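Spelled out from the first residue to the last, the chains are:
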Amino acid sequence: MVDKSISQEAINREHWLKEEEHLAQRIQQAINPGGEQANTRLAEQGKRPVRELIQALTDPDSEFFELGIIAGFGMDYPGGVRDVPCAGLVTGLGKIHGNWSMIFANDSRVKAGTYFPITLKKHMRAQAIAEQVGLNCVYIADSGGAFLPMQADVFPDDGHFGSMFYNMARMSAMGLKQITLSTGGNTAGGAYIVFMADEAAMVANLAYSFLGGPPLVKAAIGEEVDAEALGGAEVHAHLSGGADHICQDQLAGIRKVREILSQEPQQRLHSQRWEAIPPAVDEEKIYELLPAGIHQAIDVRSIIECFADGVGLQEYKRDYAPGRGDKIVTGKIRIKGIPVGVVAANNSGIIFVEAARKATEFIIRCSLERMPLLFVQNSPGYMVGSEAEHRGIGKYGADMVRAVSNAQVPRLQLVIGPDNGAANYGMCGRAYRPHFLFSTMRARTSVMSGRSAAEVLLSLERRKRKSKGQEMTEKEAASFRDELLKKYELEAHPFYCGARLFNDRVLFLGEIRHSLALALEVSLLKPVPGSTFGNFRF
Ligand code: COA
């Protein structure tokens, strides 16, 4: 029996806190792969856990904003590798001498820091952010190179191993520093992370870099040589010149990297920044306002209030086409003082013609004003049916996609609900290259809802059987539906999407404001270019 004394707000709060317990557990699994045993082995090798190194690398008391933490779980790779915790590579944003930098660190506790397809994807995503916003890159390299059983999936293609070095070379040419600290066995591809750097340091008696390790050398040319004599820090610092510095231990190496970057010009924000004003309501109120049910309607204005500065939402076309136009709320807010245009799916989030047109206009306006955009995604799709089709929902939806694609301003996406179909495109989903894409435990990203997909596929199955003179029983239909629903529930879930890096980070609801402000700050380190849009159909 439902206890009526418990308010909906309390139910919501309890639900999200419980969901976020699962998120916290998943993060712990990512941070501690292999548990105590792996840490003991690391200590025996004279190494510190990578996050300790990153903490030492970044400015004292500054934050390391990690990306893709829950990547790599449930991948089911060949050879019985189910999980690659954290994709075996830590990436994120940290400040070095006051400058935001992109930091990469192989976690040797995960299969010797070797690169699986998801590791490469994570490495490439962090490089893409660095290039897009103009960040120096620091690589803490400790990698056995390609995960050899999957060579065809990690070696030859664009986006595979070679692309890491292509990116390093190009970013270096753009003036973005590529600095490597080698703290372990960097073999073959792993060695190029050292040799492709603008400046590289190696840790004595710990770091090795060679194109082929001792077993390969023996097999190829019959030479017997140990790792130290083949490509240790002494060899590269004193003989080959492949390393520019030799350091006595990992922390000395970290200090060297900080020294190398100490002369970099200070970054500045290319935006007006007002004094930050706390939100009009307590930030934590979002736990109560966000409905526990994924398909329940949202009052998105009240959600925005939880993370926007208390100066309020300056709404654009608030009264336009009531009941249809307000399925998307548009307007300007500030987050920790930084102005941003917000395009937020409201209520059921079904996008009607009027909402699509309003959103398109607003995106263009913000782009012309060089104002960043935040898309708050909670939409199951554009309106379907003959009325909507006849009124041009296809072309107006396409106009929205065109505007989103060509808007050159920094764009962020935050998913707080259904994220389906073309609404994923119009609301700046992954393919539209938002500068940062954040998700929450309420996000469900799939081509359509499980319920809709089950009905579509069921009708096709029925037709197929009918053509063979067979009928589907109700029991068969129910089990068909059930299976698809389960599949969609699994695949739309933020853990599944986070594992595959369809988002950059799954946020706790309480860290939305902080994360959006940080992402805006980083995205505005480069001047905002003007936008041109091509032909609209209107
Ligand atoms: N591909 C697949 N698996 C690899 C691997 C690779 N390139 N390198 C290491 N591994 C696996 C190991 O088999 C081991 O697996 P297990 O935990 O299931 O036993 C795990 O990663 C840890 O490796 P280990 O050798 O115990 O770690 P280490 O810290 O002692 O040594 C290296 C690290 C990188 C020096 C060493 O693993 C090595 O030389 N690997 C081969 C590197 C290579 O030749 N790469 C060529 C890539 S093109």
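The structure displayed is predicted, hence computed values, not measured ones. (Residues numbered from 1 in each chain as written. Predicted model: local features only at pLDDT ≥ 70, side-chain atom pairs only at ≥ 80, totals over all residues. Heavy atoms only, no water.)

**Re the sheet that holds strand β3 (residues 99-106)**
Logical step 1: Spatial strand order, β1-β2-β3-β4-β5-β7-β9: seven strands in an open sheet with mixed pairing. Whereas interior strands pair on both sides, the edge strands pair on one side only; in this sheet they are β1 (65-67) and β9 (245-247). In this sheet, adjacent strand axes meet at a mean angle of 20 degrees when their direction is disregarded.
Logical step 2: Judged from the five bridges that link them, strand β4 (residues 136-141) and strand β5 (residues 178-182) form a sheet pairing that is parallel. Paired with A141 across the two strands is S182, which belongs to β5. (Pairing = 2+ DSSP bridges. Helix = DSSP H or I, 4+ residues; strand = E, 2+ residues; numbered from the N terminus. Axes fitted to C-alpha atoms, helices over the stretch in contact; angles between N-to-C directions.)

**Concerning the state of the cysteines**
Logical step 1: In total, this model carries zero disulfides according to the counting rule given.
Logical step 2: No disulfide involves C366; its nearest neighbouring cysteine sulfur is the one of C428, lying 13 Å away.
Logical step 3: Taking the relative accessible area as the measure of exposure, C366 reaches 0% and is therefore buried. (Disulfide = S-S within 2.5 Å. Buried < 20%, exposed > 50% of the residue type's maximum accessible area, 1.4 Å probe, protein only.)

**Considering the nonpolar core**
Logical step 1: Ranked by size, the top nonpolar core spans 110 residues in total, and within it M102, F307 and L374 carry the most contacts.
Logical step 2: Discounting residues that sit within four places of it in the chain, F307 has contacts with P279, I333, I335, L374, V376, L414, I512, R513 and L516.
Logical step 3: The next biggest cluster of nonpolar side chains, apart from the first, holds 22 residues, and it includes F64, I140, A201 and A252. (Core = buried A, V, L, I, M, F, W, Y, C linked by side-chain atoms within 4.5 Å. Contact = heavy atoms within 4.5 Å.)

**Structural notes on the site of the ligand**
Logical step 1: Lining the immediate environment of the ligand, one finds 13 residues, of which R41, K111, G144, A146 and L148 sit closest.
Logical step 2: Between the ligand and K111 there is a distance of 2.6 Å, counted from an oxygen atom to a side-chain nitrogen or oxygen.
Logical step 3: In this structure, A146 approaches the ligand through a main-chain N or O atom, which is 2.9 Å from a nitrogen atom.
Logical step 4: Looking at the shell around the ligand, its residues break down into six nonpolar, five polar and two charged. (Near = heavy atom within 4 Å. Polar contact = N/O pair within 3.5 Å; in protein donor to acceptor, adjacent residues only side chain to side chain. Nonpolar A, V, L, I, M, F, W, Y, C, P; charged D, E, K, R; others polar.)

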